[in-house]
Amino acid sequence: MSTTLAPTEVQVEQPQQVDSIERDRPWIVIVWNDPINLMSYVTLVFQKLFGYSKEEATRLMLQVHNEGKAVVAQGTREKAEYDVARLHAHGLWATMRKD
Amino acid sequence: MLADEHRIEPAPHGGVFVRLPAVERELLQQLRAELVTMLETSADDPSLERLFPPAYEEKRKEREYRRLMGEELLAGRRRALDVLEATAGQEQLSADEADSWLIALNDLRLVLGTRLDVQEYTFAEGLDQRDPRAPELAVYTYLTWLQGALVEAVSPDR
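Everything in this summary refers to the structure shown in the same document. The residue numbers shown here count from 1 along each chain, following its written sequence. Just so you know, chain letters begin at A and ligand numbers begin at 1, following the order they were written in. Thresholds applied to this predicted model are a pLDDT of at least 70 for local features of residues and 80 or more for the giving and counting of side-chain atom pairs; totals over whole chains, interfaces and linings are not thresholded and use all residues. Excluded from the side-chain calculation are hydrogens and water; included are all heavy atoms of the structure.

## Focus: the overall build of chain A
Helix and strand counts for chain A come out as 4 helices and 3 strands. Expressed as a percentage of its 99 residues, the buried residues of chain A come to 44%. Any two residues having at least one pair of non-hydrogen atoms within 4.5 Å are treated as being in contact. Within chain A, contacts between residues at least 6 apart in sequence are counted, and of these 71% link residues at least 24 apart. Split by element, the accessible area of chain A, about 5,300 Å² in all, is 53% carbon and sulfur. Helix numbers and strand numbers start at the N terminus; a helix is a DSSP run of H or I with at least 4 residues, a strand a run of E with at least 2. Burial here depends on accessible area, computed with a 1.4 Å probe over protein chains only, as a share of the maximum for the residue type. Under 20% is buried, over 50% is exposed, and the range in between is partly exposed. Using a 1.4 Å probe, the Shrake-Rupley method yields the accessible areas, and only the shown protein chains count as cover for residues.

Below, the structure written as structure tokens:
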């Protein structure tokens, strides 16, 4: 699975750290391809919701179109859920899962 | 000006000029009304499923998400459809009204496209007039043109 952002680095010093590593793993937001959504509309939504430049938004849209899906955002569970809801509100097919 | 001209152009402050003949505005109202009726009376119709995609693969988390977000997402769609109803006769839309048209048109296309089982290849060789779906596919094609023209007119770096 491809991602546009570098993975979060976590330092492991002792076994007791395992729990907080689990909590710190980011959630990722995936947008899936579908035959109905317009490429130009998807690009616009990416710009509007995430502040991507037109070039970056177009690149992500093409990744969705050509590869079937793309990671468009990541963060805490709360942020990912908020991002997914905004994408759903604009009619895009988005899901979230732990990275 | 031609009576049957249809054209969407940028207006000041992110708005758009909407030149559509009356028959197209009436079509938009009719499609809007049909979708509103469907949302109110048959919310589990399979053609609505793309309006409510899952957020999670895990069922329990998905149920929770649906419980928390379902009403708000539905209300957002209704707001966009209500703005379309209120402004379908206008020659000019504000930026916010154009945003609502985009969401409303996208929803209309999602529902119609699902019902007609539109795939990537559906329009690859033009419309086959013998296809029983032809009249509705023509409507779908019109909505596609209108949404695309609106996106073009509101795009930030025009």
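## Topic: the nonpolar core
Across soluble globular proteins, nonpolar side chains show a tendency to be buried alongside one another. One finds Phe46(A), Leu87(A), Ile8(B), Val16(B) and Trp101(B) to be the most contacted residues of the largest nonpolar core, which totals 70 residues. Residues contacting Leu87(A), with those up to four places away along its chain left out, are Val29(A), Val31(A), Val45(A), Phe46(A), Leu49(A), Phe50(A), Val72(A), Leu92(A) and Ala94(A). Put simply, a nonpolar core is a bunch of buried Ala, Val, Leu, Ile, Met, Phe, Trp, Tyr and Cys residues held in one set by side-chain atoms that sit within 4.5 Å of each other.

## Structural notes on the environment of Leu116(B)
Residues and elements named next belong to chain B. Inspection of the secondary structure puts leucine 116 in the loop between helix 3 (95–115) and helix 4 (134–154). With 24 residues separating them along the chain, leucine 116 and tyrosine 140 place their C-alpha atoms 9.2 Å apart. Residue contacts for leucine 116: discarding those within four places in its chain leaves Arg133, Glu136, Leu137 and Tyr140.

## Describing helix 2 (residues 39–50) of chain A
A rise of 1.5 Å per residue sets the reference length of helix 2 of chain A, with its 12 residues, at 16 Å; its end C-alpha atoms lie 16 Å apart and thus fit the reference within 8%. Residues of helix 2 of chain A that are buried include every one of Tyr41(A), Val42(A), Thr43(A), Leu44(A), Val45(A), Phe46(A), Gln47(A), Leu49(A) and Phe50(A), and no others. Elements that come into contact with the buried residues of helix 2 of chain A comprise strand 1 (27–32), helix 3 (54–67), strand 2 (69–75) and helix 4 (77–89) of chain A together with helix 3 and helix 4 of chain B. Looking at the residues trailing helix 2 of chain A, positive phi occurs at Gly51(A), about 70°. Between the first and last residue of a helix there are one fewer steps than residues, each counted as 1.5 Å, and that sum is the expected span.

## Some words on the packing of aromatic side chains
Working definition: rings of Phe, Tyr and Trp (its six-membered ring) pair if their centres are within 6.5 Å, and the pair is stacked with planes under 30 degrees apart, edge-to-face with planes over 60 apart, and tilted otherwise. Within this structure, the stated rule accounts for 6 aromatic pairs over all chains. With centroids separated by 5.6 Å and ring planes inclined at 0°, the aromatic side chains of Phe123(B) and Tyr140(B) adopt a geometry described as stacked. In this pair, Phe123(B) sits in the loop between helix 3 and helix 4 while Tyr140(B) sits in helix 4, placing the two residues 17 residues apart along the sequence. A network of ring pairs unites the aromatic residues Trp27(A), Tyr56(B) and Tyr65(B) as a single cluster. Positioned above the aromatic ring of Phe50(A) is the side chain of Arg86(A), whose terminal nitrogen or guanidinium carbon lies 5.4 Å from the ring centre. By the criterion adopted, a ring carries a charge over it if an Arg CZ or a Lys NZ lies within 6 Å of its centre and within 35 degrees of its normal. The residue whose ring lies beneath Arg77(B) is Phe52(B), and the NZ or CZ to ring-centre distance is 6.0 Å.

## A look at the sheet that holds strand 1 of chain A
Residue and element names in this part refer to chain A. Two strands qualify as a pair provided DSSP detects at least 2 bridges between them. Within the open sheet, the 3 strands sit side by side as 2-1-3. Their pairing is antiparallel. For this open sheet the edge positions go to strand 2 and strand 3 (94–98), each flanked by a neighbour on one side alone. Sheet twist, expressed as the mean angle between neighbouring strand axes with direction ignored, is 30°. As paired elements, strand 1 and strand 3 share 5 bridges and run antiparallel to each other. Within strand 3, the residue paired with valine 29 across the bridge is methionine 96. Simply put, an axis is a line fit to the C-alpha atoms, just over the touching stretch for a helix, and the angle between two N-to-C directions goes from 0 to 180 degrees.

## Section: the environment of Leu112(B)
Residue and element names in this part refer to chain B. Looking at the secondary structure, you find leucine 112 in helix 3. As for leucine 112 and leucine 137, which are separated by 25 residues in sequence, their C-alpha atoms are 8.5 Å apart. Sequence-distant contacts of leucine 112, defined by excluding residues within four places in its chain, comprise Glu136, Val139, Tyr140 and Leu143.

## Quick look at the packing of helix 1 (residues 22–41) of chain B against helix 2 (residues 59–87) of chain B
Residues and elements named next belong to chain B. Direction vectors running N to C along helix 1 and helix 2 enclose 155°, while the axes themselves pass 10 Å from each other. Judged on the interaxial angle alone, helix 2 and helix 1 are roughly antiparallel. Note on packing geometry: the crossing formed by helix 1 with helix 2 is left-handed. Where helix 1 abuts helix 2, its residues Leu28, Gln29, Arg32, Leu35, Val36, Leu39 and Glu40 lie against Leu74, Arg78, Leu81, Leu84 and Glu85. Here the residues of the contact of helix 1 with helix 2 are counted per class, giving 7 nonpolar, 1 polar and 4 charged. Angle categories: roughly parallel below 35 degrees, roughly antiparallel above 145, roughly perpendicular from 65 to 115, and oblique for all the rest. Working rule for handedness: look at the near helix, and if it is turned counterclockwise from the far one by less than a right angle, call the crossing left-handed; if clockwise, right-handed. As a working rule, the residues Ala, Val, Leu, Ile, Met, Phe, Trp, Tyr, Cys and Pro are called nonpolar, Asp, Glu, Lys and Arg charged, and the rest polar, with Gly in that last group.

## Quick word on the side chain of Glu24(B)
If you trace the backbone, Glu24(B) turns up in helix 1. The residues touching Glu24(B), leaving out its near neighbours within four places in the chain, are His6(B), Tyr142(B) and Trp145(B).

## Considerations on the packing of helix 2 of chain A against helix 3 of chain A
Residue and element names in this part refer to chain A. As a packed pair, helix 2 and helix 3 sit with axes 8 Å apart at the nearest point and diverge in direction by 130°. On the basis of their axis angle, the class for helix 2 and helix 3 is oblique. The hand of the helix 2/helix 3 crossing is right-handed. Here Met39, Val42, Thr43, Phe46 and Gln47 of helix 2 lie close against helix 3, whose contacting residues are Lys54, Ala57, Thr58, Leu60, Met61, Leu62, Val64 and His65.

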